[in-house]
Amino acid sequence: SKIRSLGGFARRLHDVVTDMPKALCNEELHPGWRADGTLVAFDLHCTRASPRFLDISNYIGEPESQAIWGRALSPRMKWARVYGEALAAAGGPSVDAATILHESRLVWMAFSFQLAWCLQVAIDGKINWSEDREKNKASARSKILAQLAYLAEAQEKAWCEGPL
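Only a predicted model underlies this, so the values are computations on that prediction, with no experimental measurement involved.

Analysis parameters
- Residues numbered from 1 in each chain as written.
- Predicted model: local features only at pLDDT ≥ 70, side-chain atom pairs only at ≥ 80, totals over all residues.
- Heavy atoms only, no water.
- Helix = DSSP H or I, 4+ residues; strand = E, 2+ residues; numbered from the N terminus.
- Expected span 1.5 Å × (residues − 1).
- Buried < 20%, exposed > 50% of the residue type's maximum accessible area, 1.4 Å probe, protein only.
- Arc of directions from axis to C-beta.
- Contact = heavy atoms within 4.5 Å.
- Core = buried A, V, L, I, M, F, W, Y, C linked by side-chain atoms within 4.5 Å.
- Salt bridge = Lys/Arg side-chain N within 4 Å of Asp/Glu carboxyl O.
- Phe/Tyr/Trp six-rings, centres within 6.5 Å; stacked < 30°, edge-to-face > 60°.

End to end, helix 3 (residues 76–89) covers 20 Å across 14 residues, agreeing with the expected 20 Å (1.5 Å per residue, within 8%). Listed as buried for helix 3 are Arg76, Ala80 and Gly84. Looking down the long axis of helix 3, one finds its buried residues gathered within 70° of arc, a one-sided arrangement. Across helix 3 from its buried face, at more than 90 degrees, point the exposed residues Glu85 and Ala89. Buried residues in helix 3 make contact with helix 2 (54–60) and helix 4 (97–112). A positive phi of about 95° marks glycine 91, the residue just after helix 3.

In C-alpha coordinates:
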(Lines give C-alpha, C1' and ligand atoms only; values in the text may rest on other atoms or scores of the structure.)
Protein backbone atom coordinates (compact mmCIF):
# COMPACT_ATOMS: atom_id res chain seq x y z
CA SER A 1 0.00 0.00 0.00
CA LYS A 2 1.04 3.63 -0.44
CA ILE A 3 0.98 4.27 3.31
CA ARG A 4 3.27 1.31 4.00
CA SER A 5 5.56 2.41 1.17
CA LEU A 6 5.74 5.94 2.58
CA GLY A 7 6.54 4.50 6.01
CA GLY A 8 9.48 2.58 4.57
CA PHE A 9 10.65 5.68 2.70
CA ALA A 10 10.45 7.74 5.92
CA ARG A 11 12.57 5.18 7.80
CA ARG A 12 15.22 5.08 5.04
CA LEU A 13 15.24 8.87 4.85
CA HIS A 14 15.62 9.10 8.64
CA ASP A 15 18.63 6.78 8.53
CA VAL A 16 20.30 8.83 5.79
CA VAL A 17 19.68 12.16 7.56
CA THR A 18 20.85 10.73 10.90
CA ASP A 19 24.16 9.76 9.29
CA MET A 20 24.74 13.15 7.60
CA PRO A 21 27.64 15.35 8.74
CA LYS A 22 26.60 17.57 11.66
CA ALA A 23 27.03 21.27 12.39
CA LEU A 24 25.76 23.73 14.95
CA CYS A 25 22.30 24.68 13.71
CA ASN A 26 19.57 26.98 14.94
CA GLU A 27 16.66 24.78 13.81
CA GLU A 28 14.34 27.77 13.57
CA LEU A 29 16.12 29.98 11.11
CA HIS A 30 13.63 32.57 9.90
CA PRO A 31 15.78 35.42 8.65
CA GLY A 32 14.72 38.99 8.31
CA TRP A 33 16.20 42.00 6.58
CA ARG A 34 17.32 45.30 8.12
CA ALA A 35 16.46 48.53 6.34
CA ASP A 36 20.05 48.68 5.01
CA GLY A 37 19.62 45.25 3.35
CA THR A 38 21.61 43.29 5.96
CA LEU A 39 20.37 39.76 6.58
CA VAL A 40 19.62 39.10 10.26
CA ALA A 41 19.05 35.66 11.79
CA PHE A 42 19.93 35.13 15.42
CA ASP A 43 18.11 32.95 17.92
CA LEU A 44 19.84 30.58 20.32
CA HIS A 45 17.03 28.75 22.09
CA CYS A 46 16.98 25.75 19.71
CA THR A 47 20.66 25.72 18.76
CA ARG A 48 22.24 22.24 18.70
CA ALA A 49 24.18 19.82 16.51
CA SER A 50 22.00 18.79 13.57
CA PRO A 51 22.41 17.82 9.91
CA ARG A 52 24.70 20.57 8.64
CA PHE A 53 22.27 22.11 6.15
CA LEU A 54 19.15 21.96 8.32
CA ASP A 55 18.92 25.75 8.69
CA ILE A 56 18.84 26.35 4.95
CA SER A 57 16.69 23.34 4.04
CA ASN A 58 13.49 25.43 4.17
CA TYR A 59 15.00 27.83 1.64
CA ILE A 60 16.65 25.50 -0.87
CA GLY A 61 15.37 22.03 0.06
CA GLU A 62 11.70 22.60 -0.67
CA PRO A 63 10.78 21.43 -4.19
CA GLU A 64 11.24 24.15 -6.77
CA SER A 65 8.45 22.79 -8.96
CA GLN A 66 5.77 22.93 -6.26
CA ALA A 67 6.45 25.33 -3.42
CA ILE A 68 4.47 24.11 -0.42
CA TRP A 69 5.41 26.61 2.29
CA GLY A 70 6.42 29.44 -0.02
CA ARG A 71 9.72 30.22 1.73
CA ALA A 72 12.08 28.79 -0.85
CA LEU A 73 14.62 30.77 -2.83
CA SER A 74 14.87 30.36 -6.57
CA PRO A 75 16.83 29.14 -8.40
CA ARG A 76 17.92 26.61 -5.77
CA MET A 77 21.31 25.79 -7.28
CA LYS A 78 22.30 29.48 -7.35
CA TRP A 79 21.51 29.87 -3.64
CA ALA A 80 23.27 26.62 -2.76
CA ARG A 81 26.34 28.03 -4.53
CA VAL A 82 26.03 31.37 -2.70
CA TYR A 83 25.69 29.56 0.63
CA GLY A 84 28.66 27.30 -0.08
CA GLU A 85 30.86 30.26 -1.02
CA ALA A 86 29.83 32.19 2.12
CA LEU A 87 30.41 29.12 4.29
CA ALA A 88 33.93 28.64 2.92
CA ALA A 89 34.73 32.38 3.12
CA ALA A 90 33.72 32.35 6.81
CA GLY A 91 36.19 29.54 7.51
CA GLY A 92 33.77 26.64 7.23
CA PRO A 93 34.24 23.53 5.14
CA SER A 94 34.32 23.72 1.36
CA VAL A 95 31.20 21.94 0.11
CA ASP A 96 30.07 21.97 -3.51
CA ALA A 97 26.62 23.39 -4.37
CA ALA A 98 25.26 20.07 -5.64
CA THR A 99 26.01 18.39 -2.27
CA ILE A 100 24.47 21.30 -0.36
CA LEU A 101 21.34 21.14 -2.50
CA HIS A 102 21.06 17.34 -2.28
CA GLU A 103 21.47 17.22 1.50
CA SER A 104 19.05 20.15 1.93
CA ARG A 105 16.42 18.31 -0.14
CA LEU A 106 16.78 15.16 1.94
CA VAL A 107 16.58 17.11 5.21
CA TRP A 108 13.53 19.03 3.95
CA MET A 109 11.82 15.77 3.04
CA ALA A 110 12.68 14.18 6.40
CA PHE A 111 11.20 17.14 8.26
CA SER A 112 8.13 17.04 6.01
CA PHE A 113 7.22 13.74 7.63
CA GLN A 114 6.99 15.54 10.98
CA LEU A 115 3.44 16.77 10.68
CA ALA A 116 2.56 17.19 14.38
CA TRP A 117 2.32 20.99 14.45
CA CYS A 118 0.45 21.18 11.17
CA LEU A 119 -1.93 18.36 12.15
CA GLN A 120 -3.05 20.24 15.26
CA VAL A 121 -3.76 23.38 13.22
CA ALA A 122 -5.65 21.25 10.67
CA ILE A 123 -7.87 19.97 13.49
CA ASP A 124 -8.56 23.10 15.55
CA GLY A 125 -7.39 26.02 13.40
CA LYS A 126 -5.57 27.68 16.32
CA ILE A 127 -2.55 29.75 15.33
CA ASN A 128 -1.23 32.68 17.33
CA TRP A 129 -1.07 35.00 14.32
CA SER A 130 -4.56 34.49 12.83
CA GLU A 131 -8.08 34.42 14.23
CA ASP A 132 -9.68 32.87 11.12
CA ARG A 133 -9.82 29.25 12.29
CA GLU A 134 -11.58 27.89 9.21
CA LYS A 135 -9.02 29.46 6.89
CA ASN A 136 -6.20 28.18 9.12
CA LYS A 137 -7.62 24.63 9.07
CA ALA A 138 -8.05 24.68 5.29
CA SER A 139 -4.52 26.01 4.77
CA ALA A 140 -2.96 23.42 7.10
CA ARG A 141 -4.89 20.58 5.45
CA SER A 142 -3.84 21.76 2.01
CA LYS A 143 -0.16 21.88 3.07
CA ILE A 144 -0.33 18.41 4.64
CA LEU A 145 -1.84 16.93 1.47
CA ALA A 146 0.73 18.71 -0.70
CA GLN A 147 3.61 17.46 1.48
CA LEU A 148 2.37 13.87 1.47
CA ALA A 149 1.74 13.96 -2.29
CA TYR A 150 5.24 15.34 -2.85
CA LEU A 151 6.81 12.73 -0.57
CA ALA A 152 4.96 9.92 -2.33
CA GLU A 153 6.24 11.23 -5.67
CA ALA A 154 9.75 11.91 -4.33
CA GLN A 155 10.45 8.30 -3.47
CA GLU A 156 10.39 7.58 -7.20
CA LYS A 157 12.73 10.41 -8.25
CA ALA A 158 16.33 9.56 -9.16
CA TRP A 159 17.91 12.12 -6.80
CA CYS A 160 16.17 10.45 -3.87
CA GLU A 161 16.92 6.89 -4.83
CA GLY A 162 20.71 7.23 -4.89
CA PRO A 163 21.59 7.56 -1.19
CA LEU A 164 18.51 5.77 0.13
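What follows deals with the nonpolar core. The biggest cluster of nonpolar side chains holds 16 residues, and the ones touching the most others in it are Phe9, Leu13, Val17, Met20, Leu106 and Met109. Mapped by element, the contributors of at least two residues to this core are helix 1 (2–18), helix 4 and helix 6 (133–154). Ile56, Val95, Ala97 and Ile100 belong to the second largest nonpolar core, which has 8 residues in total.

According to the stated counting rule, one finds 2 salt bridges in the structure shown. For lysine 137, the salt bridge identified is with glutamate 134, shortest N-O distance 3.1 Å. Remark: glutamate 134 and lysine 137 occur in helix 6; sequence separation between them is 3 residues, near one turn of the helix. For lysine 137, a relative accessible area of 16% gives the class buried.

It is worth spelling out the packing of aromatic side chains at this point. With the rule as written, the count across this model stands at 2 aromatic pairs. Residues phenylalanine 53 and tyrosine 83 carry aromatic rings whose centres are separated by 6.1 Å and whose planes lie at 85° to one another, so their mutual orientation is edge-to-face. Here phenylalanine 53, found in the loop between strand 4 (48–51) and helix 2, pairs with tyrosine 83, found in helix 3; they are 30 residues apart in sequence, far enough to count as distant. What makes phenylalanine 53 buried here is its relative accessible area of 2%. Ring centres of tryptophan 108 and tyrosine 150 lie 5.6 Å apart, and the angle between their planes is 75°; on these two criteria the pair is classed as edge-to-face. On the criterion of sequence distance, the pair formed by tryptophan 108 in helix 4 and tyrosine 150 in helix 6 is long-range, its members being 42 residues apart. Of the two residues, tryptophan 108 and tyrosine 150, both sit in the buried class.

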